[in-house]
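So you can see what is in the structure, the chains are spelled out below.
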Amino acid sequence: MAMEIRYAMSSPPTSVPPDASLEEAARHMAEAGVGALPVVQGEEVIGMVTDRELVVRAMAHGLSPRLKVETVMSADPVAVDAGSSVTVALHAMQSVKIRHLPVVDHKHARRLVGMVSFDDLFSYLSVQLGALADVVNASRKAPGSSSTR
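Definitions and cut-offs
Residue positions are counted from 1 within each chain, in the order its sequence is given. Per-residue local features of the predicted model are confined to residues with pLDDT of at least 70, and side-chain atom pairs are confined, for both listing and counting, to 80 or more; whole-chain, interface and lining totals are unaffected and use all residues. Only heavy atoms go into the side-chain values, all of them from the structure, while hydrogens and water stay out. Going along the chain from the N terminus, every DSSP run of H or I of four or more residues is numbered as a helix, and every run of E of two or more is numbered as a strand. In this treatment the radius of gyration is a C-alpha quantity, and the globule benchmark scales as 2.2 Å times the residue count to the 0.38 power. Remark: exposure states derive from per-residue accessible area (1.4 Å probe, protein chains only) relative to the maximum for the residue type, with buried under 20%, exposed over 50%, and partly exposed in between. With a 1 Å grid laid over protein atoms only, a set of points is called a cavity when a 1.4 Å probe fits there but cannot get out and a pocket when it is open yet has protein on both sides within 12 Å along at least five of seven lines; lining residues have an atom within 4 Å of a point. Grid points are joined across faces, edges and corners, and a volume is the space filled by probe spheres set on the points. Working definition: the arc comes from the directions between the helix axis and the C-beta atoms, pointing outward to the latter. Patch membership is restricted to residues that have no salt bridge and whose relative accessible area is over 30%. Joining uses 9 Å for like charges and 5 Å for the nonpolar side chains Val, Leu, Ile, Met, Phe, Trp and Tyr. A 1.4 Å probe and the Shrake-Rupley method give the accessible areas. Residues count as covered only by the protein chains that appear here. When a carboxyl oxygen of Asp or Glu is within 4 Å of a side-chain nitrogen of Lys or Arg, the pair counts as a salt bridge. Grouping buried Ala, Val, Leu, Ile, Met, Phe, Trp, Tyr and Cys residues that are joined through side-chain atoms within 4.5 Å yields what is termed a nonpolar core. The contact definition used throughout considers only heavy atoms, calling two residues in contact when any of these lie within 4.5 Å.

A. Just the overall build of the chain, in detail. Scanning the chain from terminus to terminus reveals four helices and six strands. Secondary structure elements of the chain, listed N to C terminal, follow the sequence α-β-β-α-β-β-α-β-β-α. For 149 residues, the compact-globule formula gives about 15 Å, and the C-alpha radius of gyration of the chain, at 19 Å, lies well above that figure. Residues counted as buried form 34% of the 149 residues belonging to the chain.

B. View of the layout of surface pockets. Considered as a void within the structure, the largest pocket measures approximately 380 Å³ in volume. Along the wall of the largest pocket there are 16 residues; nearest its centre are Thr-50, Glu-53, Ser-74, Lys-97 and Ile-98. Listed by contribution, the elements that provide at least two residues to the lining of the largest pocket are strand E2 (44-50) and helix H2 (51-58). Here the lining of the largest pocket takes five residues from H2, the largest share from any one element. Approximately 220 Å³ is the volume found for the second largest pocket. Along the walls of the second largest pocket sit 14 residues, with Ser-10, Val-34, Ala-36, Met-115 and Asp-120 positioned nearest its centre.

C. Examining helix H1 (residues 22-32) more closely. For H1, the full list of buried residues reads Leu-22, Ala-25 and Met-29. Considered in projection along H1, the buried side chains sweep an arc of 60° and stay on one side of the axis. In H1, the exposed positions that point more than 90 degrees away from the buried face belong to Ala-30 and Glu-31. Of the residues flanking the end of H1, it is Gly-33, one or two places downstream, whose phi is positive at about 65°.

D. How the structure looks around unusual backbone geometry. Geometrically, the link from Ser-11 to Pro-12 is a cis peptide bond, its omega value of 0° lying close to zero. In this fold, Pro-12 is placed in the segment before H1. Its identity as a non-glycine residue notwithstanding, Asp-76 has a phi of 45°, on the positive side. For Lys-97, which is not glycine, the phi torsion reads 55° and is therefore positive.

E. Geometry of a nonpolar patch on the surface. There is a patch of nonpolar side chains on the surface, built from Leu-129, Leu-132, Val-135 and Val-136 and spanning about 370 Å² of accessible area. By secondary structure assignment, the location of Leu-132 is in helix H4 (residues 118-141).

F. Spatial organisation of the pattern of salt bridges. Following the criterion strictly, the structure yields five salt bridges and no others. The salt bridge involving Arg-27 is made with Glu-23; its shortest N-O contact spans 3.7 Å. With Arg-27 and Glu-23 both in helix H1 and four residues apart, the pair spans about one turn of that helix. Taking the relative accessible area as the measure of exposure, Arg-27 reaches 43% and is therefore partly exposed. The class for Glu-23 is partly exposed, based on a relative accessible area of 42%.

G. Layout of the nonpolar core. Counting residues in each nonpolar core, the largest one holds 14 residues, and the members touching the most others are Ile-5, Val-80, Ala-89, Leu-101, Val-103, Val-116 and Leu-121. If you list the elements that add at least two residues to this core, you get helix H3 (86-96), strand E5 (100-105), strand E6 (111-117) and H4. Element by element, the count of residues in this core is highest for H3, at four residues. In this structure, Leu-101 is in contact with Val-78, Val-80, Ala-89, Ala-92, Met-93, Gly-114, Met-115 and Val-116, ignoring residues within four places of it in sequence. Membership of the second largest hydrophobic core comes to 13 residues, among which are Val-39, Val-49, Ala-58 and Val-72.

Dropping the structure here:
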């Protein structure tokens, strides 16, 4: 069985609408302890805004904190389906050099169902590797295994 992204994602995700202010987005990030927010219209992901975008695209240029998120968001972000493998998510992150991915249900357009970060994937894979190591060690200690002879 492939390791599906649904088991590594955070859900329910914090998101903002495109007409939220930059200040509101920053506040949501701070309260949720996240560095990126999907921008959602209805239930569909239409963009992403990161803490870096707030700093580099907005604050560094003296933009008003009252401006709408849609002015600095990255439109039409790369997203992964909840049934995608962890490998697919890692490849998507590496191919476009991002650290956060919205997780969507492609059966319902691009309906947001979760978020996954590089750190989430690293933690998830570390746990999976630990569990695999436990299985290998147990099999080595099992009666009749070649390593106990």
